[in-house]
Amino acid sequence: MEEMFHKKSEAVRRLVEAAEEAHLKHEFDADLQYEYFNAVLINERDKDGNFLELGKEFILAPNDHFNNLPVNISLSDVQVPTNMYNKDPAIVNGVYWSESLNKVFVDNFDRDPSLIWQYFGSAKGFFRQYPGIKWEPDENGVIAFDCRNRKWYIQAATSPKDVVILVDVSGSMKGLRLTIAKQTVSSILDTLGDDDFFNIIAYNEELHYVEPCLNGTLVQADRTNKEHFREHLDKLFAKGIGMLDIALNEAFNILSDFNHTGQGSICSQAIMLITDGAVDTYDTIFAKYNWPDRKVRIFTYLIGREAAFADNLKWMACANKGFFTQISTLADVQENVMEYLHVLSRPKVIDQEHDVVWTEAYIDSTLTDDQGPVLMTTVAMPVFSKQNETRSKGILLGVVGTDVPVKELLKTIPKYKLGIHGYAFAITNNGYILTHPELRPLYEEGKKRRKPNYSSVDLSEVEWEDRDDVLRNAMVNRKTGKFSMEVKKTVDKGFRCGALQRPWEIFLPWERNHRRRPA
């Protein structure tokens, strides 16, 4: 298993080296004209029978390794989100220099024919995928996919973080401004993963925790918690006067207290401020809680077209190692929210921390086998700029990754050593199941409807007799060894169960010191 993990990681590392070298040699050209293969437009023709711009002929052929999907195993193609201009100079330049990855994609596939999808997700928003495949928009002509919102991208691009989101609900936020503010919060939640912790506080003359039961603490940003908070966002309404000083004091106290408990990410901390203005710079509060170390970054989002209070919000962000942006319309939300990820990635970029990350198991909607949709995990690594003029600024170029079917992990396990009642399983650093015989991601066999939280099933939910989480905690804390524990085993398809005294052996398949790998 260690050899398999190493092989997949080396494939990703070769992509990183090729991408950084290609960008190092490239000089940005604002007038660059380059016809690339757009994944949506390839093989499309106009009414006269001519290929569309960026839609040149792209040979596709069914391939049994990719579920007989029509793909091109010689070339990659590029997907650009619908809300972005596909000939924007930043995108065209990025697509141009990343063309060099084609050779590495093919070479990786030749070295390891078990590889599935390989890709590069750019910080500019485009997504280069190998093998090339045609993307089809939905019934509204939209492709909502943005690689920068995917867990593999977020986990590789940033370190774990504790975040307090402050939302202004004073009277001036009525109407469209409050709608934009709610959407901004929702977009921020999209960028948080299982390694992150958060809370949301609305403020006017008083503080209003979006979830009143979670006053003064942070919660893990898993799917369940994020959806729960989203539901409560709809209950916010605007009235009164905004007292930002009260909200900032509360946010700093939460982050400080939570950090001292030893819980949370024990890494980056941030306050996200969403408001239509600030009448002061609140430097006395920052001097009390955050200076001179500036351990908490402040990100400010000015809602609306007016810029009367922009200077104060800019000063707050810049004085606390954060970022300021203005969001005037709903269409501006996603792209502006993404900016904070670039700031949080800077320490990793400057220190050149090429950490390998592995995601939890998820269902790949494009691939199936005889048992239904295929469970996947992704191995990913960040790509940094090495150009002298940008290296000190910490520029993240994007993230490369490749998908690994969970069944590939299982093939490496010597079943003859497990015995007739034995089985193997793996979990992530958060205790979520990567693979386990009792993991059932779909509601029924043969059905494609997946359970909403199938990717965040905790080990304690299937190993029932591990009441004190002895087994789970040992694995999460990366302990190795052997012990014995009584467990319940279902028989007759779950209709009966019996107790077994079972020996357990815990090992780490990969001993290199990387964050967030399976245990």
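Read on for a plain summary of the structure. A quick note: this is a predicted structure, and the numbers were derived from the prediction, not measured. Residue numbers here run from 1 along each chain, matching the order of that chain's written sequence. Only residues with pLDDT of at least 70 get local features here, since the model is predicted, and only at 80 or more are side-chain atom pairs given and counted; chain-wide, interface and lining totals rely on the full set of residues. Side-chain descriptors were evaluated using all non-hydrogen atoms of the structure, hydrogens and water having been removed beforehand.

1. As for the packing of aromatic side chains
Thinking step 1. Any two rings among Phe, Tyr and Trp, with Trp reduced to its six-membered ring, count as a pair given centres within 6.5 Å; such a pair is stacked if its planes are under 30 degrees apart, edge-to-face if over 60, and tilted if neither. Applying the stated rule across the entire model yields 24 aromatic pairs.
Thinking step 2. Between the aromatic rings of Phe5 and Trp358, the centroid separation amounts to 4.6 Å while the plane-to-plane angle is 50°, which identifies the pairing as tilted. Taken as a pair, Phe5 in helix α1 (residues 2–25) and Trp358 in strand β14 (residues 357–358) lie far apart in primary sequence, 353 residues in all. Trp358 matches Phe5 in its accessibility class, with the two residues each being buried.
Thinking step 3. Their ring planes at 70° and their centres at 6.1 Å tell us that Trp152 and Tyr153 sit as a pair that is edge-to-face.
Thinking step 4. With a 1.4 Å probe rolled over the protein chains alone, any residue whose accessible area is under 20% of its type maximum counts as buried; one over 50% counts as exposed, and the rest are partly exposed. Assessed through its relative accessible area of 8%, Trp152 is described here as buried.
Thinking step 5. Residue classification places Tyr153 among the buried residues on the basis of a relative accessible area of 2%.
Thinking step 6. One aromatic cluster in this structure is built from Tyr119, Phe127, Trp135, Phe145, Trp152 and Tyr153. Numbered from the N terminus, helices here are DSSP runs of H or I no shorter than four residues, and strands are runs of E no shorter than two.

2. Topic: the packing of helix α5 (residues 176–190) against helix α6 (residues 223–233)
Thinking step 1. Where helices are involved, their axes are fitted lines through C-alpha atoms of the stretch in contact, as for all axes, and angles between N-to-C directions lie from 0 to 180°. In contact at an axis separation of 11 Å, α5 and α6 are set at 180° when each is read in the N-to-C sense. Accordingly, the angle class assigned to the pair α5 and α6 is roughly antiparallel. Contacts between α5 and α6 involve Lys182, Val185, Ser186, Leu189 and Asp190 from the former and Lys226, Arg230 and Leu233 from the latter.
Thinking step 2. Its residues placed into classes, the contact of α5 with α6 shows three nonpolar, one polar and four charged. We call two directions roughly parallel when the angle between them is under 35 degrees, roughly antiparallel when it is over 145, roughly perpendicular when it lies between 65 and 115, and oblique otherwise. Working rule for contacts: check all heavy atoms of both residues, and any pair within 4.5 Å makes them a contact. Each residue is assigned to one class: nonpolar for Ala, Val, Leu, Ile, Met, Phe, Trp, Tyr, Cys and Pro, charged for Asp, Glu, Lys and Arg, and polar for all the others, Gly among them.

3. Here we look at the nonpolar core
Thinking step 1. Here, nonpolar core means buried Ala, Val, Leu, Ile, Met, Phe, Trp, Tyr and Cys residues that are tied together by side-chain atoms lying within 4.5 Å of each other. With 77 residues, the main nonpolar core has Trp117, Trp152 and Val400 as its most contacted residues.
Thinking step 2. Ranked by residues supplied to this core, first place goes to α1 with nine residues.
Thinking step 3. Inspection of this core shows a minimum of three residues originating in each of domain 1 (1–147 + 354–407) and domain 3 (413–506).
Thinking step 4. Excluding residues within four positions of it along the chain, Trp152 makes contact with Tyr119, Gly121, Phe127, Cys147, Val357, Thr359, Thr378, Ala380 and Val399.
Thinking step 5. If you look at the next biggest cluster of nonpolar residues, it comprises 36 residues, including Ile165, Leu192, Tyr301 and Met338. The domain boundaries here were taken from an automatic or database domain assignment.

4. Here's the deal with the packing of α1 against helix α3 (residues 101–111)
Between two packed helices, what matters for the description is the angle formed by their axes and the separation of those axes.
Thinking step 1. Packing of α1 against α3 brings their axes to within 10 Å, and their N-to-C directions diverge by 165°. Regarding the angle of α1 to α3, the classification is roughly antiparallel. For the element pair α1 and α3, the recorded crossing hand is right-handed. Seen from α1, the contacting residues are Ala11, Arg14, Leu15, Ala18 and Ala19; seen from α3, they are Leu101, Val104, Phe105, Asp107, Asn108 and Arg111.
Thinking step 2. Across the contact of α1 with α3, the residue classes tally to seven nonpolar, one polar and three charged. Definitions for this section: a left-handed crossing has its near helix turned counterclockwise from the far helix by less than a right angle. A right-handed crossing has that turn clockwise.

5. Quick notes on empty space enclosed by the protein
Thinking step 1. Buriedness of a pocket was judged along seven lines, with at least five required to meet protein on both sides within 12 Å; pockets are open sets of points on a 1 Å grid over the protein atoms alone, cavities are sets where a 1.4 Å probe fits but cannot get out, and lining residues have an atom within 4 Å of a point. Grid points are joined across faces, edges and corners, and a volume is the space filled by probe spheres set on the points. Applying the stated criterion across every chain yields a total of two cavities of 30 Å³ or more.
Thinking step 2. Of the volumes computed, that of the largest cavity is approximately 60 Å³.
Thinking step 3. Lining the largest cavity are eleven residues, with Gln155, Glu360, Thr428, Asn429 and Asn430 sitting closest to its centre.
Thinking step 4. Classifying every residue of the lining of the largest cavity by side-chain character gives two nonpolar, five polar and four charged.
Thinking step 5. Counted as a void, the second largest cavity has a volume near 50 Å³.
Thinking step 6. What lines the second largest cavity is a set of eleven residues, among which Gln155, Thr158, Lys161, Asp195 and Asp196 lie closest to the centre.

6. Observations concerning a nonpolar patch on the surface
Thinking step 1. Taken together, the side chains of Ile241, Met243 and Ile246 define a hydrophobic patch exposed on the protein surface, amounting to about 250 Å² of accessible area.
Thinking step 2. Its place among the elements puts Ile246 in helix α7 (residues 244–260). The residues that make up patches have over 30% relative accessible area and no salt bridge, and they are joined within 9 Å when like-charged or within 5 Å when they are Val, Leu, Ile, Met, Phe, Trp or Tyr. Method for areas: the Shrake-Rupley scheme with a 1.4 Å probe, in which residue coverage is limited to the protein chains shown. Salt bridge, as used here, is a side-chain nitrogen of Lys or Arg placed within 4 Å of a carboxyl oxygen of Asp or Glu.

7. Some details on the sheet that holds strand β6 (residues 132–133)
Thinking step 1. By definition, two strands form a pair when at least two bridges between them are found by DSSP. In spatial order, the strands read β1-β2-β6; together these three strands make up an open sheet with antiparallel pairing. Two strands close off the open sheet at either side, each with one partner strand: β1 (61–63) and β6.
Thinking step 2. Sheet topology places strand β2 (residues 69–72) next to β6; two bridges connect them, and they run antiparallel. Residue pairing in the sheet places Val71 in a bridge with Ile133 of β6.

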